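Summary of the model geometry
Given next are the chains, with one letter for each unit.
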Amino acid sequence: MKILIALGSALSLSLAAPSAQADPLADAQSAARDARLADDPAWADLLQYEPYPITGQLRSLADDKGFFNAPDGARNPAAELDATLARLFEPARAEAPDEHPQCRFPARHHWLRQRLTLSPAQLPEQPCPRLEKWAAEINPAGVTLVFPSAYVNSPASMFGHTLLRIDAAGQTEATRLLAYTINYAAKADATDGFTFALKGLTGLYPGTLSSSPYYAKVREYSDMESRDVWEYRLNLTPAETRQLLRHAWEIGATRFDYWFFDENCSYMILRLLDVARPGLRVAKQFYWTAIPVDTVKGVVAMPDLVTDIRFRPSTGTELAHRAKRLDPASLDAAIAVADGRRPPQSLGTNTQAIEQLEFADRLVSFRGHAGKLEQDDALARLKAIQIARSPLPTIDTGTVPAPPRPENGHASGRFGLAAGRLDGANALFLDLRPAYHDLLDPETGYARGAQIRFLDLGASQREGRGWRLDRFLPVDIVSVAPRLSWTQPLSWKVRFGWERVLGASRATSPMVAGGPGAAWEWGGLLGYVFLENQLLGHGDLQKHWAIGSGPLAGLLWDVGAGSRLQLEAGRQWFNDRRLDRSAARAHLRTRLGHRDNLVAGYEWSRIELPDAERSERRVTLGWQHYF
């Protein structure tokens, strides 16, 4: 009997030995392979994997070796998953808990723990003091997509911008400004559009993720840059919001090359949403480009993702609303108070005086934020106005009307095909513009008077001849900012590239053009004038280059609800003395539907060259399609 007991005990110990010697890491890696987690789209989102446009081979958008745990992790999802699991199982370091891989890659850790159902006994959870403190300060409960409208005077914000506001638990209207934001932007060093566009188009800027209070962003956008802000509340759960924050923590210290049209602020924000809710795949809608306003449309189009939309008017929009409530004499008096030419008390104490004082108060703040007033001068004027306003009762000045929402505007890409006459011959005309908006496009959802065209291409084919390039403009920007009694913004324009500036019979030539201007508005008419300067090079010129300057005047007229007419005329004189150029043009755009236009155009030009003088006409009738 004792022998049988001994044999039974030995057999039990031998069977238990493999279990006691089990390797939790090896088991986890084996389970991950069996479940094919490396092929899961959620793993691809966590590692920022995207296929190459042509070969389809996966590669990560991250340009930082520290983002990966395997030597070939940037291109090998399976190797990266194995290596990540190995690092997550590393023993804790009491002297540096925040450096543990679970703290460096919390989103991957959370996803793998859930998918593999790893218990604390199998994979002990390591403390992450810095991450836990950051998350506790944010107190995440939900997410709002924020879209500040386009700001043409800033190279980094010409297309608008998107960021995320992390809404806190128990947040109210009064505390909404205290919430934190997640923002991705290029770490740019350029202040001019040319340099920013060049570096942004070639990925020479690093993209950085940052977090800051919402009130600081609102002050930057609304007060300093006078940009309207749209807020799209999303239906992400608190758990999904926490996973979004974990991934933001992972990529916050990671370098990504910033590409203007695709790997930009909006695209990275969409990828954060995809990580928060696996299967959402909203970023997949934007394979080639991710223009901010288009990504807003993509988010709104996702079923049941957006639950509420709110408009936050900028200081400039609010001032315009208040100015319309005052008659001309009252508005002039309020401006005189803001200018310091009239004491605030002289306005009186009635309801109209209260509106005037409030307008003057906001106008002084507006000028101070814009740097048009010295700080001490602005503070002194504000103090005087507020002393006069403080004893008077509260009044209702109405709600600032919200303009059409950005997602209701036309798509940013545009293709055009037209037929007509060029230099006395029948011709076909082809136009392609990947981005984004010009002065003739419908303004719904876009900034009035702002033209921003990138990579604009035009070609023509005259009867009996092949296709020829008419223009290629990497950058073409026009800011037509109407002057008002209370603000006199500068209009300006700049473009560079290749154009057929010396007539249809001559080849395109490189050029840079632009200059300052001014604009005025009368009802539905928007008029403008520019001093247009141009530097061009061409082999037919006496010196192979020339510098010219001259006036350009234009008028935009909204002819009914769906049509717009543009008239322009200008003349330039060049230093060559034997090169002068005059031009006049008229273009009419009529909307056929949400994506299509009917367009007609007439252009006349007269060019004096060293060896010739000739006039030329171009007449077109065509169709445009937004995509």
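Residues numbered from 1 in each chain as written. Predicted model: local features only at pLDDT ≥ 70, side-chain atom pairs only at ≥ 80, totals over all residues. Heavy atoms only, no water.

Quick notes on the overall build of the chain
- A count of helical and extended segments in the chain gives 16 helices and 22 strands.
- Expressed along its principal axes, the backbone C-alpha trace of the chain runs to roughly 120 × 80 × 45 Å.
- Looking at the chain as a whole, 49% of its 627 residues are labelled buried.
- For the chain, the share of sequence-separated contacts (at least 6 apart) that also reach a separation of at least 24 residues comes to 63%.
- For the chain, the centre of its 72 positive side-chain charges and the centre of its 72 negative side-chain charges are spaced 3 Å apart. (Helix = DSSP H or I, 4+ residues; strand = E, 2+ residues; numbered from the N terminus. Buried < 20%, exposed > 50% of the residue type's maximum accessible area, 1.4 Å probe, protein only. Contact = heavy atoms within 4.5 Å. Lys, Arg positive; Asp, Glu negative; His and termini not counted. Charge placed at Lys NZ, Arg CZ, Asp CG, Glu CD.)

Here's the deal with the packing of aromatic side chains
- Under the counting rule described, the total for this entry stands at 15 aromatic pairs.
- By way of ring pairs, the aromatic residues Phe159, Tyr436, Tyr446 and Phe454 are connected into one cluster.
- Geometry around phenylalanine 530 places lysine 493 over its ring, the cationic atom sitting 5.2 Å from the centre. (Phe/Tyr/Trp six-rings, centres within 6.5 Å; stacked < 30°, edge-to-face > 60°. Lys NZ or Arg CZ within 6 Å of the ring centre and 35° of its normal.)

Focus: the packing of helix α10 (residues 238-252) against helix α11 (residues 265-276)
- Direction vectors running N to C along α10 and α11 enclose 130°, while the axes themselves pass 8 Å from each other. It follows from the interaxial angle that α10 and α11 lie oblique. Where α10 crosses over α11, the handedness of that crossing is right-handed. In contact with Glu240, Gln243, Leu244, His247, Ala248 and Ile251 of α10, α11 contributes Met268, Leu272, Leu273, Val275 and Ala276. (Axes fitted to C-alpha atoms, helices over the stretch in contact; angles between N-to-C directions. Parallel < 35°, antiparallel > 145°, perpendicular 65-115°, else oblique. Left-handed = near helix turned anticlockwise from the far one by under 90°.)

Topic: the state of the cysteines
- Counted under the stated rule, the structure contains one disulfide.
- The partner cysteine of cysteine 103 in its disulfide is cysteine 128, sulfur to sulfur 2.0 Å. Looking along the S-S bond of the cysteine 103-cysteine 128 disulfide, the torsion reads about -85°, which is the left-handed sense. Here cysteine 103, found in helix α5 (residues 101-104), pairs with cysteine 128, found in the loop between α6 (106-115) and α7 (129-138); they are 25 residues apart in sequence, far enough to count as distant.
- Residue cysteine 103 is classed as buried on the basis of its relative accessible area of 3%. (Disulfide = S-S within 2.5 Å.)

Focus on the sheet that holds strand β4 (residues 163-168)
- One open sheet accounts for seven strands, arranged β8-β6-β5-β4-β3-β7-β9; its pairing is antiparallel. Both outer strands of the open sheet, β8 (256-258) and β9 (306-312), are each paired with one neighbouring strand and no more. Neighbouring strand axes in the sheet, compared pairwise and without regard to direction, differ in orientation by 30° on average.
- As paired elements, strand β7 (residues 229-234) and β9 share six bridges and run antiparallel to each other. Directly across from glutamate 231, in β9, lies its bridge partner arginine 310. (Pairing = 2+ DSSP bridges.)

Thoughts on the pairing of β7
- Counting buried residues in β7 gives five out of six residues, a clear majority hidden from the surface.
- The pairing of strand β3 (residues 140-148) with β7 spans five bridges and is antiparallel. Residue pairing for β7: threonine 144 is matched across the bridge by arginine 233.

Re unusual backbone geometry
- Cis geometry is found at the peptide bond from alanine 435 to tyrosine 436, where omega equals 10°.
- For tyrosine 436, the position within the fold is in strand β12 (residues 435-437).
- Even without being glycine, aspartate 423 reaches a positive phi, approximately 55°.
- Among the secondary structure elements, aspartate 423 is positioned in the loop between β10 (414-422) and β11 (425-433).
- Backbone geometry places histidine 544, a non-glycine residue, at a positive phi of 65°.

Notes on the nonpolar core
- In this structure, Phe159 and Leu273 are the most contacted members of the largest nonpolar core, which totals 85 residues.
- Top element by residues in this core is α11. It accounts for nine residues.
- Residues in contact with phenylalanine 159, not counting those within four places in the same chain, are Phe147, Ala150, Phe260, Phe261, Ile291, Pro292, Val293, Ala435, Tyr436, Ile452 and Phe454.
- With 26 residues, the next largest nonpolar core counts Ala338, Ala353, Ile354 and Ala360 among its residues. (Core = buried A, V, L, I, M, F, W, Y, C linked by side-chain atoms within 4.5 Å.)

What to know about helix α12 (residues 292-301)
- Counting buried residues along α12, eight of its 10 residues qualify, which places the element largely inside the surrounding structure.
- Those residues of α12 lying buried are Pro292, Val293, Asp294, Thr295, Val296, Lys297, Gly298 and Val299.
- The inward-facing, buried residues of α12 abut β3, β7, α11, β9 and β12.

Remarks on the environment of alanine 239
- Here alanine 239 is to be found in helix α10.
- Each C-alpha atom, one on alanine 239 and one on arginine 381, is 49 Å from the other, the two residues being 142 residues apart in sequence.

Some words on a nonpolar patch on the surface
- On the surface, a nonpolar cluster with roughly 740 Å² of combined accessible area is contributed by Leu417, Leu428, Leu430, Trp467, Leu592, Leu598, Leu621 and Trp623.
- For the nonpolar patch, the secondary-structure elements that each account for two or more residues are β11 and β22 (612-626).
- Mapped onto the elements, leucine 428 comes out in strand β11.
- Residue leucine 428 is classed as partly exposed on the basis of its relative accessible area, which comes to 36%. (Patch = residues over 30% accessible without salt bridge, like charges linked within 9 Å, V, L, I, M, F, W, Y side chains within 5 Å. Areas by Shrake-Rupley, 256 points an atom, 1.4 Å probe, with all protein chains shown as cover. Salt bridge = Lys/Arg side-chain N within 4 Å of Asp/Glu carboxyl O.)

Examining the pattern of salt bridges
- For the structure shown, the criterion picks out 56 salt bridges.
- For glutamate 173, the salt bridge is made with arginine 310, and the minimal N-O distance between the two is 2.3 Å. Pair noted here: glutamate 173 is in the loop between β4 and β5 (180-186) and arginine 310 is in strand β9, with a separation of 137 residues, a long-range link.
- For glutamate 173, a relative accessible area of 46% translates into the label partly exposed.
- Here glutamate 532 ties to lysine 493 by a salt bridge, and the two come within 2.7 Å at their closest N and O atoms. Taken together, the residues span a long stretch of sequence, with glutamate 532 in strand β17 (residues 525-537) and lysine 493 in strand β15 (residues 491-499) at a distance of 39 residues.

So, α11
- The end-to-end C-alpha separation of α11 is 17 Å, in line with the 16 Å expected for 12 residues at 1.5 Å each.
- The buried fraction of α11 is high, at 12 of 12 residues.
- Listing the buried residues of α11 in full gives Cys265, Ser266, Tyr267, Met268, Ile269, Leu270, Arg271, Leu272, Leu273, Asp274, Val275 and Ala276.
- Measuring from the backbone nitrogen of serine 266 back to the side-chain oxygen at the start of α11 gives 3.3 Å, which picks out asparagine 264 as the cap. (Expected span 1.5 Å × (residues − 1). Polar contact = N/O pair within 3.5 Å; in protein donor to acceptor, adjacent residues only side chain to side chain.)

Comments concerning the packing of helix α14 (residues 328-339) against helix α15 (residues 351-369)
- Interaxial distance between α14 and α15 falls to 8 Å at its minimum, and their mutual angle equals 45°. On the basis of the axis angle, α14 is oblique to α15. The two elements α14 and α15 cross, and the hand of that crossing is right-handed. The residues of α15 that touch α14, namely those facing Ser330, Leu331, Ala333, Ala334, Ile335, Val337, Ala338 and Asp339, are Gln352, Gln356, Phe359, Ala360, Leu363, Val364 and Arg367.
- Grouping the amino acids of the contact of α14 with α15 by side-chain chemistry returns 10 nonpolar, three polar and two charged. (Nonpolar A, V, L, I, M, F, W, Y, C, P; charged D, E, K, R; others polar.)

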